[in-house]
Amino acid sequence: RIARNTQIILQEETGIPQVADPWGGSYMMESLTQQIADRAWELIEEIEEKGGMASAIEHGIPKMRIEESAAKKQARIDRGEDVIVGVNKYQLDHEDDLDILEVDNVAVRESQIKRLESIRTNRDSDAVKAALTALTEAAKTGEGNLLELSVNAARLRATVGEISDALEEIYGRFQAESRTISGVYGASYEGDEDWQAIQSDIEAFEKAQGRRPRMLVCKMGQDGHDRGAKIIATSFADAGFDIDLSPMFSTPEEVAKQAVENDVHAVGVSSQAAGHKTLVPELIQALKNQGADDIIVIAGGVIPKQDYDTLYQAGVKGIFGPGTKVPYSV
């Protein structure tokens, strides 16, 4: 409601819509607008050269461009060139603990399972099956409106998973490629003495151990935000690490298996969706179950300070919260 009313205030109270171009004649606005238009057109032409957006997505182009931009942005923040008030400038000497909502992940999962069971018990199963069959048939033949058929299935209380499965029978499931870009973050630190010292330490590690340090950067659970994970992956790679990436939405057991198979020294867990108190201890236990408790686990992302002790007690070796500069974490 706040977001909507903000738009209505701009529409009704400011008079902006009564003028064709409120900023017309402003060199700053005209220049910035032209820069946006020119850069946007370059990206559009790049997409067209790849055969359109669907083809570009298959080649990973949009994701790669986003990751390049994010890595450059993070490097500017870490170097203090872009100011984030309270994060890399004007920090308080003492940060008070935030009063945050504590969510019991196990209780939420059990509650959701009960709701699904109730829905499936009380709905018209034959009608749902018919709606899902119609959806699969439309996907197969290309005849019919998939959105309309999906809405109809949902109204009959088909779940999102069931609707997705009905389409997956024909289309299969898209598997995003986990790739890292290189050189983008490190380029911002070219000639920096501290960055060069980090690279020298990594070279010394390689000489002593016979190989470079290797880290698996992972996202677990239903956390679909991978910007931070990708920044860590590309920046650590630029510093000299060998980096592996886990698929999105991995389970702790899957991450542990990948860590063992890839013979990594460390697993870096990126958390954005408050699942760290459940998923990270499960990962540490999964590593122990596979006889790989020598692999250290570190965590970063949106982790409240009041959760640190819980994670340390579970076996986490390092925690890097919001505002941590990447060179410090390396």
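Residues numbered from 1 in each chain as written. Predicted model: local features only at pLDDT ≥ 70, side-chain atom pairs only at ≥ 80, totals over all residues. Heavy atoms only, no water.

J.: Tell me about the overall build of the protein chain, residues and numbers included.
T.: Assigned secondary structure in the protein chain consists of 15 helices and five strands. In terms of its C-alpha atoms, the protein chain occupies a principal-axis envelope of roughly 65 × 65 × 45 Å. Counting only contacts in the protein chain whose residues sit at least 6 apart along the sequence, the fraction spanning at least 24 positions is 69%. Carbon together with sulfur atoms contributes 52% to the accessible area of the protein chain, which is approximately 21400 Å² in total. With 35 positive and 56 negative side-chain charges, the protein chain shows a separation of 3 Å between the mean positions of the two kinds. (Helix = DSSP H or I, 4+ residues; strand = E, 2+ residues; numbered from the N terminus. Contact = heavy atoms within 4.5 Å. Areas by Shrake-Rupley, 256 points an atom, 1.4 Å probe, with all protein chains shown as cover. Lys, Arg positive; Asp, Glu negative; His and termini not counted. Charge placed at Lys NZ, Arg CZ, Asp CG, Glu CD.)

J.: Explain the packing of aromatic side chains to me, and be specific about the residues and the numbers.
T.: Summed over the entire model, instances satisfying the criterion amount to six aromatic pairs. Ring centres of Phe236 and Phe241 lie 5.0 Å apart, and the angle between their planes is 65°; on these two criteria the pair is classed as edge-to-face. A relative accessible area of 4% places Phe236 in the buried class. Each member of the aromatic cluster is reached from another via a ring pair, and the members are Tyr185, Tyr189 and Trp195. Positioned above the aromatic ring of Tyr189, the side-chain terminus of Arg79 is 5.1 Å from the ring centre. (Phe/Tyr/Trp six-rings, centres within 6.5 Å; stacked < 30°, edge-to-face > 60°. Buried < 20%, exposed > 50% of the residue type's maximum accessible area, 1.4 Å probe, protein only. Lys NZ or Arg CZ within 6 Å of the ring centre and 35° of its normal.)

J.: Requested: an account of the packing of helix α12 (residues 252-261) against helix α13 (residues 276-289), with residues and values cited.
T.: Axis separation between α12 and α13 bottoms out at 8 Å; the angle between their running directions is 45°. Regarding the angle of α12 to α13, the classification is oblique. With respect to the hand of their crossing, α12 and α13 are arranged in right-handed fashion. Here Pro252, Glu253, Val255, Ala256 and Ala259 of α12 lie close against α13, whose contacting residues are Leu279, Glu282, Leu283, Ala286 and Leu287. (Axes fitted to C-alpha atoms, helices over the stretch in contact; angles between N-to-C directions. Parallel < 35°, antiparallel > 145°, perpendicular 65-115°, else oblique. Left-handed = near helix turned anticlockwise from the far one by under 90°.)

J.: Outline unusual backbone geometry, listing residues and values.
T.: The residue Arg157 is not glycine, and still its phi comes out positive at about 80°. Its place among the elements puts Arg157 in the loop between α7 (146-155) and α8 (160-171). Positive phi outside glycine occurs at Asp263, with the angle close to 55°. In this fold, Asp263 is placed in the loop between α12 and β3 (266-271).

J.: Can you break down the sheet that holds strand β2 (residues 242-245) residue by residue, with the values?
T.: Strand pairing within a sheet occurs via backbone hydrogen bonds; the two strands may be parallel or antiparallel. The strand order across the open sheet formed by five strands is β2-β1-β3-β4-β5, and the pairing between neighbours is parallel. Looking at which strands have only one partner, the edges of the open sheet turn out to be β2 and β5 (318-320). Going across the sheet, the axis of each strand differs from the next one's by a mean of 20°, ignoring polarity. Of the pairings in the sheet, the one linking β3 to strand β4 (residues 296-301) comprises six bridges and is parallel in character. Bridged to Ser270 within β4 is Gly300. (Pairing = 2+ DSSP bridges.)

J.: Mind laying out empty space enclosed by the protein, listing which residues take part and the relevant values?
T.: Under the defined criterion, the tally for this structure stands at one cavity of 30 Å³ or more. The volume enclosed by the largest cavity comes to roughly 40 Å³. Contributing to the lining of the largest cavity are Glu67, Ala71, Thr180, Ile181, Lys230, Ile231 and Thr234. Listed by contribution, the elements that provide at least two residues to the lining of the largest cavity are α4 (61-78) and α11 (227-239). Looking at the lining of the largest cavity residue by residue, the class counts come to three nonpolar, two polar and two charged. (1 Å grid on protein atoms, 1.4 Å probe; cavity = no way out; pocket = protein on both sides within 12 Å on 5 of 7 lines; lining within 4 Å. Points joined across faces, edges and corners; volume = space filled by probe spheres on them. Nonpolar A, V, L, I, M, F, W, Y, C, P; charged D, E, K, R; others polar.)

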